[in-house]
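As a plain string of letters, each chain reads:
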Amino acid sequence: MDRTALPLVVALLLAICSLRHTGLAETIHCDLQPVDAEVTYITSQVSEGCVAQVPNATVEVHILFLESSRELSELELTIQKSKQNGTRPREVFLVLSAKKNVLLQLQAPGIPLYLAFNPKLIFQGHPGVNTTELPSFTTKSQLLAWADTKGSIASIAELNDPQSILLRLDQAPKSPSFCNLEPLVDMGHTLEWSPLTRASVRGCRLEGVPGHKEAHIVRVLPGPEAGPRTVTVKVELRCASGDPEAVLILQGPSHVSWLIDANHNMQIWTTGEYSFKIFPEKNIRGFVLPDTPQGLLGEARRLNASMVASFVELPLASVVSLQAHSCGGGGLQTSPPPVQTTPPPTESCNQELLLSLIQPKCSEDVMTVVLKKDLISVVVNLFPSSSLQWKKVHCINMESLSFQLGLYLSPHFLQASNTIELGQQGFVQVSMTPSIPELTLQLDSCQLDLGPEGDTVELIQSQTAKGSCVSLLSPGPGGDVRFSFLLRGYMVPTPTTGTLTCTVALRSRSLSPETHRTISMRLNIVSPGLPDKGLVLPAVLGITFGAFLIGALLTAALWYIYSHTRPPGKREPVVAVAAPASSESSSTNHSIGSTQSTPCSTSSMA
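Criteria and thresholds
- Residues numbered from 1 in each chain as written.
- Predicted model: local features only at pLDDT ≥ 70, side-chain atom pairs only at ≥ 80, totals over all residues.
- Heavy atoms only, no water.
- Helix = DSSP H or I, 4+ residues; strand = E, 2+ residues; numbered from the N terminus.
- Buried < 20%, exposed > 50% of the residue type's maximum accessible area, 1.4 Å probe, protein only.
- Contact = heavy atoms within 4.5 Å.
- Areas by Shrake-Rupley, 256 points an atom, 1.4 Å probe, with all protein chains shown as cover.
- Disulfide = S-S within 2.5 Å.
- Salt bridge = Lys/Arg side-chain N within 4 Å of Asp/Glu carboxyl O.

Caption draft 1: Layout of the overall build of the chain. For the chain, the count of helices and strands is 6 helices and 37 strands. The buried share of the chain, taken over its 606 residues, is 36%. Here the analysis covers contacts within the chain between residues at least 6 apart in sequence; of these, 70% occur between residues at least 24 apart. For the chain, the accessible surface area stands at approximately 36,300 Å², while carbon and sulfur atoms represent 55% of it.

Structure, rendered in structure tokens:
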């Protein structure tokens, strides 16, 4: 034979072999039916979206359109900040638009986040970020135009029935500077999500193949972009009799490589390259596999598999998790159709017990009915033929309740006061409006704070009166809680004001756990025998000075009257001298003149 014709002969033989395998696969009789295997996956592919690079933006905007096939669904949204070291997190403006009710659990640690959402979104607990309600928009373009005014749009994604979303704030270096919405987009590293609906997993028995070897086939469909990608495949096979003999067939686009994490040994048959989690740096070259379901079924038969335990087709994913419960020796475990059965009379449901276990929990916009399992393990089967069971539920809006704390000076509770006298008995009442019969009001604690120079007087602790001066009273007509206390008569220093603070507990079957509210009021405290407001130092000094001045004026007036009403015989004689006769006379007259100049005299010198 001519050596130059040898490659042509080899190629012809390979082609014939390939045609023979293809023909075998096409004639495989395998009726794929749903099985009890479970497959979940994480993907970055969305029905519509875009990613933009906005490195100089002060506020980056991310928009998520949430489409749901259910009236109420749950969503876990995690926002992960940039991993670039030394960079300060930028403000993020996140827009969430949902057409049906979504119960959201948000996690955004360390991110300055501002959230805009429509009323269909319900938060599990407080979101912990600044929030605002979206304006009413009729079209998607109106919402996008409004969001564009809030900052630079970094990503837009429309997700169908999402169960969890991971949004990364790292910049996408190969993305354009403008976010142009397009259908069927791969969001890459920016966004990954897992759908709420499970992937359709089917299986079948391959006729004519002996043995108990099972095949698990995962086919990843091509995405909108053909870039290198690694798909992590987690496989967990559960079999009580030990590890089954199994082969894992992974087929996908040529640019996809596989990282396999399996809980037991199995034969691996893949396209592209693959490696194991325990040896991630060791890449093994795969094979060329058919890209049709029938071709992959034929490949499983060629590998001596007697049954296909699981066959699933997925969009381009980053993580695929497979859990299968079938064992090769136990035959194909298909999911049986649901059969309605009625429990025997001895196992009939205790309706009264069931209704007592149902505990409703109310928030502002939603009521959650919880079945408590503290007492038993419970399996409840509700059939269409069962009679309806009704349970009356009262939802209480805690924001609409107001609480009043009042002080009264008589046990009749007629006239409230804010002033109490030392040594006086006070009567306290805590009331709630509006009054709700299903809600029980209980007094947990009360204390009277007498200021920085006084003590804090504990009146009630743990619903118990403290000391003999405090008494718990019977509730009021509307369920108001009441108690009395006797304020000590003498205190040093004497307080003039105080703050009365009480904490009440609200208990109801609709509230789990109980809710507490704290209310307080300021009191004026006066000493016995004094008016409502005690005398201060300036007033005391003014009164003292006034009394002294009045006394002085009265003394001066009495002296004036006395000096003007004395008898004339008692006055001092006035001597007039024409001229001195001698030196002795001159000296005597001078002495007499000097005596007349005293302040006590009322005459004048001549």
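Caption draft 2: Structural context of the environment of Leu 75. Of note, Leu 75 is situated in strand S5 (residues 72-80). As a C-alpha pair, Leu 75 and Leu 196 span 121 residues in sequence and 8.8 Å in three-dimensional space. Leave out the neighbours within four places in its chain, and Leu 75 touches Leu 66, Val 102, Leu 103, Leu 104, Gln 105, Pro 162, Gln 163, Ser 164 and Ile 165.

Caption draft 3: Main features of the state of the cysteines. Within this structure, the stated rule accounts for 3 disulfides. The disulfide bridge from Cys 30 ends at Cys 204, spanning 1.4 Å between sulfur atoms. The sign of the S-S torsion, about -75°, decides the handedness of the disulfide formed by Cys 30 and Cys 204: left-handed. Here Cys 30 is found in the loop between helix H1 (6-26) and strand S1 (33-34), whereas its partner Cys 204 is found in strand S15 (residues 202-205), with 174 residues between them in sequence. Considered together, Cys 30 and Cys 204 belong to a single accessibility category, that of buried residues. Here Cys 50 pairs with Cys 179 through a disulfide, and the sulfurs are 1.9 Å apart. With the S-S dihedral at roughly 105°, the linkage between Cys 50 and Cys 179 falls on the right-handed side.

Caption draft 4: Highlighting the pattern of salt bridges. Scanning all chains against the criterion turns up 11 salt bridges. We note a salt bridge from Lys 99 to Glu 67, for which the minimum N-O separation is 3.7 Å. Note that Lys 99 is positioned in the loop between strand S6 (91-98) and strand S7 (101-107) and Glu 67 in strand S4 (residues 59-67), a separation of 32 residues in sequence. Classification of Glu 67 as partly exposed rests on a relative accessible area of 22%. A salt bridge links Lys 100 to Glu 71, with the shortest nitrogen-to-oxygen separation between them at 3.8 Å. With a gap of 29 residues between them, Lys 100 in the loop between S6 and S7 and Glu 71 in the loop between S4 and S5 connect regions that are remote in the sequence. Under the relative-accessibility criterion, Lys 100 is labelled partly exposed at 26%.

Caption draft 5: A look at unusual backbone geometry. The omega angle of the peptide bond from Thr 433 to Pro 434 is -5°, so this bond is cis rather than trans. One non-glycine residue, Asn 304, lies in the positive phi region at around 65°. Note that Asn 304 resides in the loop between helix H3 (293-302) and strand S23 (307-314). Owing to a relative accessible area of 53%, Asn 304 belongs among the exposed residues under this scheme. With a phi angle near 65°, Gln 463 is a residue other than glycine that sits in the positive phi range. As for its placement among the helices and strands, Gln 463 is situated in the loop between strand S32 (456-461) and strand S33 (464-465).

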